[in-house]
Amino acid sequence: MYDALLAETVTVTGHGGDRIEAYSARPMSPGPFGGVVVIHHMPGYDDPTKEITRRFAAEGFAAVCPNLYSREAPGASPDDAAAAARARGGVPDERFLGDAAGTAAYLRGLPSANGKVGVIGYCSGGRQAFLALASLDVQAGVDCYGAFVAGRPPEGFPLQVEPIVHLAKDLHGPLLGLFGAEDSYPSPEHVAELEAELKAQGKPYEFHTYENAGHAFFAVNRPSYRNEAAVDGWSKVLAFFREHL
Amino acid sequence: MCTYLTEKIRIDGSGKGAQGYFGLTEAMVYVDHPQHAPYEHTVNIDFLNPALGPSARVAVELTEEAALALVDAIRSALAAAPPGLASSGQAAPAAH
């Protein structure tokens, strides 16, 4: 089986027509393939997120991860860029949506595209994936331990975001949620609140909460990595996107 | 979520980053996930000069014990020196 990939830095047109940096990975066969917008975690557009993007390509999807901190820190290393974005309260929702829409358009413009695009996000990106599924033309979304979909940041938090659980009624496609039972943001109570709203709105969703896992259990380079949750989570993500994209 | 209370202060001094020394104007102190230290949470201190861009940053990620020991060490070092010796209001350097 021909399994060559092409992974490279590209430029996509984001919010306000801004040209932003992104990391693309896609199979080199003709397709057609579904597209995946990969939303990086709060610590930034880093090597492990690029590794996640390549994994999607190896599994038969065209994947693009936009650098949501392109404007704050062009050319800076991911940790410096993340510190700068953190100091500014994170990425404004409107700007994120513009960048995600531009990335989805880029994916649909690939000759190998099948026209369907999903979105997956980690940490702060989990909330952003939910926001994208509610606001953009995407067919499926995966929220990996995204905080503040339900629940409000406590006073003094540098992340200046509003809860968006009320947007559940607007979801354009099914939502897969993967959470850690030991996480505080989102806590099991936050997850339950979101689940109740999805049920109330009759929206298709699939949630899994892993015992012995907290926040960021997919992060292979951090002590929060949990092998069992990550391996099972990856299999659920891939099955979900294969079904819906 | 990866975010907890952040203390931000104005500072005066210099730090050495990837591009060499630069003047410092701000410090941020927060307990959060580290980028590199092998713990789920650490006390993170960023010494910054935002006017020079995001890369003008000296970052440290310390355990709670290390951070508190650092506070004590700073206080001890200052207590051992004449008051005002390292103050921003100190006299101009004398010729040796």
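Our subject is the structure that appears above.
First, a word on scope: everything that follows refers to the structure included in this document. What you are looking at is a predicted structure, and each value in this text was computed from that prediction instead of being measured.

About the cut-offs
Residues numbered from 1 in each chain as written. Chains lettered and ligands numbered in written order. Predicted model: local features only at pLDDT ≥ 70, side-chain atom pairs only at ≥ 80, totals over all residues. Heavy atoms only, no water. Helix = DSSP H or I, 4+ residues; strand = E, 2+ residues; numbered from the N terminus. Buried < 20%, exposed > 50% of the residue type's maximum accessible area, 1.4 Å probe, protein only. Contact = heavy atoms within 4.5 Å. Areas by Shrake-Rupley, 256 points an atom, 1.4 Å probe, with all protein chains shown as cover. Buried area = accessible area lost by both parts, 1.4 Å probe. Salt bridge = Lys/Arg side-chain N within 4 Å of Asp/Glu carboxyl O. Polar contact = N/O pair within 3.5 Å; in protein donor to acceptor, adjacent residues only side chain to side chain. Nonpolar A, V, L, I, M, F, W, Y, C, P; charged D, E, K, R; others polar. Pairing = 2+ DSSP bridges. Axes fitted to C-alpha atoms, helices over the stretch in contact; angles between N-to-C directions.

### Topic: the overall build of chain B
The helix and strand tally for chain B stands at one helix and four strands. Counted from the first residue to the last, chain B has its helices and strands arranged as β-β-β-β-α. Across the 96 residues in chain B, those meeting the buried criterion constitute 31%. Taking the intrachain contacts of chain B between residues at least 6 apart in sequence as the baseline, contacts between residues at least 24 apart amount to 29%. Carbon and sulfur atoms make up 61% of the accessible area of chain B, which totals about 6,400 Å².

### Overview of the interface of chain A and chain B
In this complex, chain A contributes 28 residues to the contact, which on the side of chain B involves 19 residues. Both sides of the chain A and chain B interface together cover about 1,900 Å² of buried area, and 58% of this is carbon and sulfur. At the junction of chain A with chain B, the criterion picks out four salt bridges. Measuring nitrogen to oxygen at the nearest pair gives 3.2 Å for the salt bridge that ties B:Glu40 to A:Arg226. Counting the contacts that link chain A with chain B gives eight residue pairs in polar contact (both at pLDDT 80 or more). Here the residues of the side of chain A that touches chain B sort into 17 nonpolar, four polar and seven charged.

### Comments concerning the sheet that holds strand E1 (residues 5–13) of chain A
Residues and elements named next belong to chain A. Taken in spatial order, the eight strands of this open sheet run E1-E2-E4-E3-E5-E6-E7-E8, and their pairing is mixed. Sheet topology places E1 and strand E8 (205–210) at the edges, where each strand pairs with a single neighbour. Taken over all neighbouring pairs, the strand axes of this sheet differ in orientation by 20° on average, direction set aside. Its contacts with the sheet put helix H4 (residues 124–135) on strand E3 (33–39), strand E5 (113–122), strand E6 (140–144) and strand E7 (175–180), and the angle it makes with E5 is roughly 140°. In this fold helix H5 (residues 188–201) packs onto E6, E7 and E8, with an angle of close to 165° to the strand it touches most, E8.

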